Amino acid sequence: MTNDDARSSRIAFLEQSAIRGMTRHCERLGGINLGQGVCPLPAPEVLLEATAESVREDLSTYSRWEGVEPLREALADKLKRHNGLDIDADRHLVTTVGSAGAFACTLQALFEEGDEIIVFEPYYGYHVNAIRVSDCIPKVVSLQPPGWELDEVALRDAIGENTRGIVVNTPSNPSGKVFDREELETIAAVCEEHDLLAITDEIYEYMVYDDAEHISLATIDGMFERTVTISGFSKTFAITGWRLGYAAAPQRLAEPIGLVNDLFYICAPTPLQHGLARALGRIDESYYDDMCAKYRRNRDLICEALESAGFAPHVPDGSYYILADVSALGCEDSTAAAMELLERAGVAAVPGEAFFQSDAGDQLLRFCVAQPLELLEEAAERLQGL
Ligand code: GLN
């Protein structure tokens, strides 16, 4: 029997993400890639040095599935100081292959086939697809533009008898929305009423601008016991290819997540774990503020350029993405708009429809500002010249 499509039924719906797809188009046409969040910026020197040491010391064997002890201790310390979470380095942490690895392990470990999991739109498509591949059902709840506010009625309406979980992504990819305390309290109340598990992806936690404040969902009253907090250093230290993330959760959740992490990955790469642990102890606190200030500048530069090109950016409070309405291009949908922009201006962005189930993304593009300043300035000029 021959079958051209070798994909299992579990992944029959799966296609290459538009995020990666635009990178290929961009490479083909030699454009500036403001699409995929590749983050080709220099990693901090202390991290590179600490990791080179760890490689030379040949710290090359498996770690426990939870991760090496120095890293878990450094993470517990960071979670206490930065997030206000009381994390036990021995019982509450699993070091994973990127935050995507933490997300996948969490789904496998804690959810049953047919469970419904709430996801807010605009969403990160990898969340939705990972839920589907885990035989669970994403229930999409739209946030309200232009500020992407939480609509409590819509959230409550989406809950049915099979709803078991909710995904929060703050600061959010692609909208840059930062959930405020009131919204997190609403989510917490709903979680408690309906006995939901929360998965919160906080990978952009150090990129928060102006008056916005990053609040970890697990710090809201009663939430620690039912929350898996996922993050990592891919974005903060510009090491997206290292694939180092973590899940922090109460022991009853962390243990099963760790079992799956062991089964699929054994552990995250150990020399990199040691390097990160050492760097976390050595890096100057000012690094985080400086990094954030640079992203804020990048955001402003590209938002202004988008405006002068006749587009309407949703100025983000966090993350390194900008969603912008590009109706002015006069294209039928966001894929056409992304190709038009790439061909006319040599700037790649991700089609909005990658982040929406509804048609609300049809005139939106997502621009990523994690690029060197010179390149962003060139992109800004090209946009302004449209
Ligand atoms: N999170 C990044 C983005 O949204 C990278 C994801 C990816 O490369 N698939 O662009």
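Structural notes, computed from the coordinates. (Residues numbered from 1 in each chain as written. Predicted model: local features only at pLDDT ≥ 70, side-chain atom pairs only at ≥ 80, totals over all residues. Heavy atoms only, no water.)

Quick word on the site of the ligand
Right, on to step 1. Contacts to the ligand come from I19, Q36, G37, Y124, Y126, N173, Y204, K235, Y321 and R366.
Right, on to step 2. Residue Y126 places a side-chain N or O atom 2.7 Å away from a nitrogen atom belonging to the ligand.
Right, on to step 3. A distance of 2.9 Å separates an oxygen atom of the ligand from a polar side-chain atom of N173.
Right, on to step 4. Here the ligand loses 89% of its free accessible area of 290 Å² to cover by the protein chains.
Right, on to step 5. Its residues assigned to classes, the shell around the ligand shows 5 nonpolar, 3 polar and 2 charged. (Near = heavy atom within 4 Å. Polar contact = N/O pair within 3.5 Å; in protein donor to acceptor, adjacent residues only side chain to side chain. Areas by Shrake-Rupley, 256 points an atom, 1.4 Å probe, with all protein chains shown as cover. Nonpolar A, V, L, I, M, F, W, Y, C, P; charged D, E, K, R; others polar.)

Description of the sheet that holds strand 6 (residues 197-201)
Right, on to step 1. Taken in spatial order, the 7 strands of this open sheet run 2-8-7-6-5-3-4, and their pairing is mixed. The open sheet has two edge strands with one neighbour each: strand 2 (93-96) and strand 4 (137-142). Across the sheet, the mean angle from the axis of one strand to that of its neighbour is 20°, orientation sign disregarded.
Right, on to step 2. Both strand 5 (residues 163-169) and strand 6 contribute to a ladder of 5 bridges, which runs parallel. Looking at the pairing, G165 lines up with L197 of strand 6.
Right, on to step 3. Strands strand 2, strand 3 (116-121), strand 5, strand 6, strand 7 (227-232) and strand 8 (245-248) of the sheet are contacted by helix 4 (residues 98-110), whose axis makes an angle of about 160° with strand 7. (Pairing = 2+ DSSP bridges. Helix = DSSP H or I, 4+ residues; strand = E, 2+ residues; numbered from the N terminus. Axes fitted to C-alpha atoms, helices over the stretch in contact; angles between N-to-C directions. Contact = heavy atoms within 4.5 Å.)

Points about the sheet that holds strand 12 (residues 350-351)
Right, on to step 1. Reading across from one edge, 9-10-13-12 is the order of the 4 strands in this open sheet, with antiparallel pairing throughout. Both edges of this open sheet fall to strand 9 (312-314) and strand 12, since each of them pairs with a single strand only.
Right, on to step 2. Two elements, strand 10 (residues 321-325) and strand 13 (residues 364-368), share 5 bridges in a ladder whose sense is antiparallel. When the sheet's bridge partners are listed, D325 is paired in strand 13 with L364.
Right, on to step 3. Lying on the sheet, helix 11 (residues 334-345) is in contact with strand 12 and strand 13; it crosses strand 13 at an angle near 50°.

What about a negative patch on the surface?
Right, on to step 1. A cluster of acidic residues, E149, D180, E182, E185, E192 and D221, forms a negative patch at the surface.
Right, on to step 2. The topology assignment puts E149 in the loop between strand 4 and helix 6 (152-157). (Patch = residues over 30% accessible without salt bridge, like charges linked within 9 Å, V, L, I, M, F, W, Y side chains within 5 Å. Salt bridge = Lys/Arg side-chain N within 4 Å of Asp/Glu carboxyl O. Lys, Arg positive; Asp, Glu negative; His and termini not counted. Charge placed at Lys NZ, Arg CZ, Asp CG, Glu CD.)

As for helix 3 (residues 69-83)
Right, on to step 1. Counted at 1.5 Å a residue, the expected span for helix 3 with its 15 residues is 21 Å, and the 20 Å between its end C-alpha atoms agrees.
Right, on to step 2. L71, R72, A74, L75, A76, K78, L79 and N83 are the residues of helix 3 that are buried.
Right, on to step 3. Tucked into the core, helix 3 has its buried residues touching strand 2, strand 8 and helix 9 (270-282). (Expected span 1.5 Å × (residues − 1). Buried < 20%, exposed > 50% of the residue type's maximum accessible area, 1.4 Å probe, protein only.)

Regarding unusual backbone geometry
Right, on to step 1. Residue P122 is reached from E121 by a cis peptide bond, and omega for that bond is 5°.
Right, on to step 2. When you line up the elements, P122 lands in the loop between strand 3 and helix 5 (125-133).
Right, on to step 3. Following N173, the chain continues to P174 via a peptide bond in cis, the omega torsion being 15°.
Right, on to step 4. Relative to the elements of secondary structure, P174 occurs in the loop between strand 5 and helix 7 (181-194).
Right, on to step 5. For D58, which is not glycine, the phi dihedral falls at a positive 60°.

Overview of the nonpolar core
Right, on to step 1. Core analysis: the biggest nonpolar cluster contains 75 residues, and Y320, L341 and F367 have the highest contact counts within it.
Right, on to step 2. Sequence-distant contacts of Y320, defined by excluding residues within four places in its chain, comprise G37, C39, Y204, M207, Y209, K235, T240, Y295, F367, C368, V369 and A370.
Right, on to step 3. One finds L155, A188, A198 and I215 within the second-largest nonpolar core, a separate group that totals 29 residues. (Core = buried A, V, L, I, M, F, W, Y, C linked by side-chain atoms within 4.5 Å.)

Considerations on a nonpolar patch on the surface
Right, on to step 1. Residues L263, F264 and Y265 make up a contiguous nonpolar surface patch of about 330 Å² in total accessible area.
Right, on to step 2. Mapped onto the fold, F264 is located in helix 8 (residues 251-265).
Right, on to step 3. By relative accessible area, F264 is classed as partly exposed at 48%.

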